[in-house]
Amino acid sequence: MYLAPPRQFTKTFQPTSGSLLPPPHTLTQPQELLRLSRRKMRGLVVLVTLTCFANAQHQALIDYLERRLLTIEDRISLWHEQTARYASELRALKQQMVSQLENLDKEKETLRMTLDGVGTRVDRVERELDYLETQNGAQPCVDVDDKLIEQQVTLVQEKQKAKYSKLSDCSEMISSIKAMKILKRVGGSKGMWTKDTGRGSGKVYVFNGTDEDTIHEFASVQDFSRSPGVTLSRNLQLPSAWRGTGHVVFNNHAYYIAQADEITMVKFDLNSSSVRDSAVFPVQDHVPVYGLTPETVMDLAVDEEGLWAIYATRQSERHISLAKVDAASLDIEQMWDTACPRENAEAAFVICGTLYVAYNTKQPGRSRVQCVFDANGMVTNEDAPLIYFPKRYGSHSSLKYNPQEQLLYAWDDGYQILYKLIMKKKLEI
């Protein structure tokens, strides 16, 4: 059998239009695979490049958005801080306005009370002027004999004395000191303590020091005794500081001498914590009333007949003077010059219209009452007994008489002391 030799075939590549391949030639199979692989690699590179470019744009967009969000957050935080600050400032302004309104209300009430007091004083002055006009006639255009003037002055003084004697029905005086009771020690070396001398009140008041403005009020003597210091007290703030130790409490009112160039008496309502009245005492060139207590320029006292003022002036510098004061209006009803010396005097008090002055020494010793002046003229200094206080710690800075109890409330070197008095009739001397 005859076999023909195998035929060799060649593959002719006919390129199409737009082909990237080289001109037609004869390719083997490995070469064709290599070209296909290169084409795929090129496409992959292009794809990767496009992908990286897209990722870069996406990342830039994210970074931009993050920056914008951070900026917005910072502005929101700033707005919150500013809003909180504005709210705090608004609250502070509101509190300040409320406080100022309250102060304005208080000042308005104080001004109203002051105007009421001024109106009362003006009415009082007008009444006094009307009275003086009715009492004092036209002055005659003739010379008046000096003896006649003296007689008229003496007659007027006797009429005033008789008028005062008719108004006074108290005739008791001190016979001796029966007992002494030391309650406690609170405060400084100088001060004043007392019970309300009006009827129906058992409250106790402590004025510590000679230039303070806070009164300590206790419900009773028992509360004052068992109180550690002044912890059980109610504090009452005065509108101005007091001067010295010459204060009194009478019918729910504190009468004290204010810190001023002139002697100014202040009437302070303890229930409403407000000033009811004040008056300048009509004396000039005043001096401290006690030689051993120079802080006290005037001492106020209360007895069975009302309110008294104990004072001294440069005209009668060596002696103590006495005045009767209207507790309601603070008017001066009558004034007396006494023979009681200021030198070595430490305190004084009034009982039934009689002034008792206590004396000591510069080196504190035993106090004694050795000068008495009776505004009614029933007791003379020579007839009055010499009264000695029991020996104590130092010297009295204040002595306050309570007519309801016939007790002396004394302040001795920071100790609060009660003296029980034995009384007798003035006519029994």
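In what follows, the structure referred to is the one given above.
Below, the structure is looked at part by part. Here the structure is a predicted model, which means the values were calculated and not measured.

Counting through the fold element by element, Tyr256 comes out in strand 7 (residues 253–257). Residue classification places Tyr256 among the buried residues on the basis of a relative accessible area of 0%. Along the backbone, Tyr256 and Arg243 are 13 residues apart, and their C-alpha atoms lie at a distance of 7.7 Å. Other than its neighbours up to four places away in sequence, Tyr256 contacts Leu238, Pro239, Ser240, Ala241, Trp242, His247, Thr264, Met265, Val266, Phe268 and Leu300. Here the side chain of Tyr256 touches Ser240 through a polar contact of 3.3 Å, side chain to side chain.

Looking now at the pattern of salt bridges. Tallying each qualifying case throughout the model produces nine salt bridges. Here Arg234 makes a salt bridge to Glu217, at a shortest N to O gap of 2.9 Å. Of the two residues, Arg234 is situated in strand 5 (residues 234–237) and Glu217 in strand 4 (residues 214–218); the sequence distance between them amounts to 17 residues. Relative accessible area serves as the criterion here: at 39%, Arg234 is assigned to the partly exposed category. Looking at Glu217, the relative accessible area reads 7%, which means it is buried. Residues Asp299 and Lys400 are paired through a salt bridge, measuring 2.6 Å at the closest nitrogen-oxygen approach. Of this pair, Asp299 sits in strand 10 (residues 299–303) while Lys400 sits in strand 18 (residues 396–402), and the two are 101 residues apart along the sequence. A residue is classified by how much of its surface remains accessible, and Asp299, at 3% relative accessible area, is buried.

Another point: the sheet that holds strand 6 (residues 248–250). Spatially, 6-7-8-9 is the arrangement adopted by the four strands of the open sheet, whose pairing is antiparallel. A strand with exactly one partner marks an edge of an open sheet, and here the two such strands are strand 6 and strand 9 (274–280). Mean inter-strand twist for the sheet, computed between neighbouring axes without regard to direction, equals 20°. Pairing of strand 7 with strand 8 (residues 264–269), which is carried by five bridges, proceeds in the antiparallel orientation. Considered in strand 8, the bridge of Ile257 is made with Met265.

It is worth spelling out the nonpolar core at this point. Counting residues in each nonpolar core, the largest one holds 25 residues, and the members touching the most others are Phe349, Ile351 and Phe389. Beyond its immediate stretch of four places on either side in the chain, Phe349 contacts Ile174, Ile310, Thr354, Leu355, Tyr356, Phe389, Leu399, Tyr401 and Leu408. Ile257, Ala279, Phe281 and Val297 belong to the second largest nonpolar core, which has 20 residues in total.

Tallied over the full model, the rule gives eight aromatic pairs. With 5.3 Å between their ring centres and 10° between their planes, Phe349 and Tyr356 make a pair best called stacked. This pair shows no difference in class: Phe349 is buried, exactly as Tyr356 is. Each member of the aromatic cluster is reached from another via a ring pair, and the members are Trp193, Phe218, Phe224 and Tyr409. Looking at Lys184, its charged tip hangs above the ring of Phe224, at a distance of 4.8 Å from the centre. Taking the ring centre of Trp308 as reference, the NZ or CZ of Lys324 above it sits at 5.6 Å.

Attention now moves to the sheet that holds strand 4. Within the open sheet, the four strands sit side by side as 2-3-4-5. Their pairing is antiparallel. Each edge of the open sheet is held by one strand with a lone partner, namely strand 2 (191–195) and strand 5. Taken over all neighbouring pairs, the strand axes of this sheet differ in orientation by 20° on average, direction set aside. Two strands pair when backbone bridges link them, and strand 2 and strand 3 (residues 204–208) are joined in this way by five bridges, in the antiparallel orientation.

Take Glu346: it is sitting in strand 14 (residues 345–351). Within the structure, Glu346 has its side chain in polar contact with the side chain of His396 (distance 2.9 Å). In contact with Glu346, other than residues within four places in its own chain, are Tyr290, Leu292, Thr293, Ala358, Tyr359, Asn360, Ser367, Ser395 and His396.

Below, the discussion takes up the state of the cysteines. By definition, a disulfide links two cysteine residues through a covalent bond between their sulfur atoms. Under the definition given, this model contains two disulfides. At a sulfur-sulfur separation of 1.5 Å, the disulfide partner of Cys170 is Cys352. Note that Cys170 is positioned in the loop between helix 2 (146–167) and strand 1 (172–185) and Cys352 in the loop between strand 14 and strand 15 (354–359), a separation of 182 residues in sequence. The exposure classification of Cys170 matches that of Cys352, with both residues buried. Across a sulfur-sulfur distance of 2.0 Å, Cys340 and Cys371 are joined as a disulfide pair. When the S-S torsion is -90°, as for the bridge of Cys340 with Cys371, the disulfide is left-handed. In this pair, Cys340 sits in strand 13 (residues 332–341) while Cys371 sits in strand 16 (residues 368–374), placing the two residues 31 residues apart along the sequence. Summarising the burial analysis for this pair, Cys340 and Cys371 share the class buried.

So, on to the pairing of strand 12 (residues 319–325). Among the seven residues that make up strand 12, six are buried, leaving the element largely enclosed by the rest of the structure. The pairing of strand 11 (residues 306–311) with strand 12 spans five bridges and is antiparallel. Of the residues in strand 12, the one forming a bridge with Ile310 is Leu322. Of the strand pairs in this sheet, strand 12 and strand 13 are connected by six bridges, and their pairing is antiparallel. Bridge pairing in strand 13 places Leu322 opposite Trp336. Hairpin geometry of strand 12 and strand 13 is characterised by an intervening segment of six residues between the two adjacent antiparallel strands and by a positive phi of about 65° at Leu330.

Rules used throughout
Throughout, a residue's number is its position along its own chain's written sequence, starting from 1. Only residues with pLDDT of 70 or above have their local features reported here, since the model is predicted, and side-chain atom pairs are shown and tallied only from 80 upward, although totals for entire chains, interfaces and linings are computed over all residues. Each side-chain value is derived from all of the structure's non-hydrogen atoms; neither hydrogens nor water enter the calculation. Numbering of helices and strands runs from the N terminus; a helix is a DSSP stretch of H or I covering at least four residues, while a strand is a stretch of E covering at least two. The buried label goes to any residue with under 20% of its type's maximum accessible area, the exposed label to any with over 50%, and the partly exposed label to all in between, with areas taken from a 1.4 Å probe on protein chains only. Contacts are assigned to residue pairs with any non-hydrogen atoms lying within 4.5 Å of each other. We define a polar contact as two N or O atoms separated by no more than 3.5 Å, with the added condition that, inside protein, one atom must be a possible hydrogen donor and the other a possible acceptor, whereas residues neighbouring each other in sequence contribute only through side-chain atom pairs. Take a side-chain nitrogen of Lys or Arg and a carboxyl oxygen of Asp or Glu: if they are within 4 Å of each other, that pair is a salt bridge. Paired strands are those between which DSSP finds at least two bridges. Fitted lines through C-alpha atoms serve as axes, helices being fitted only where they are in contact, and the angles separating the N-to-C directions of these axes extend from 0 to 180 degrees. Think of a nonpolar core as a cluster: buried Ala, Val, Leu, Ile, Met, Phe, Trp, Tyr and Cys residues, connected wherever their side-chain atoms sit within 4.5 Å. Two aromatic rings from Phe, Tyr or Trp, using only the six-membered ring of Trp, form a pair when their centres are within 6.5 Å; if the ring planes differ by under 30 degrees the pair is stacked, by over 60 it is edge-to-face, and anything between is tilted. Note on geometry: a ring has a charge over it if NZ (lysine) or CZ (arginine) is within 6 Å of the ring centre and within 35 degrees of the ring normal. Two cysteine sulfurs form a disulfide in these notes if their separation is within 2.5 Å.

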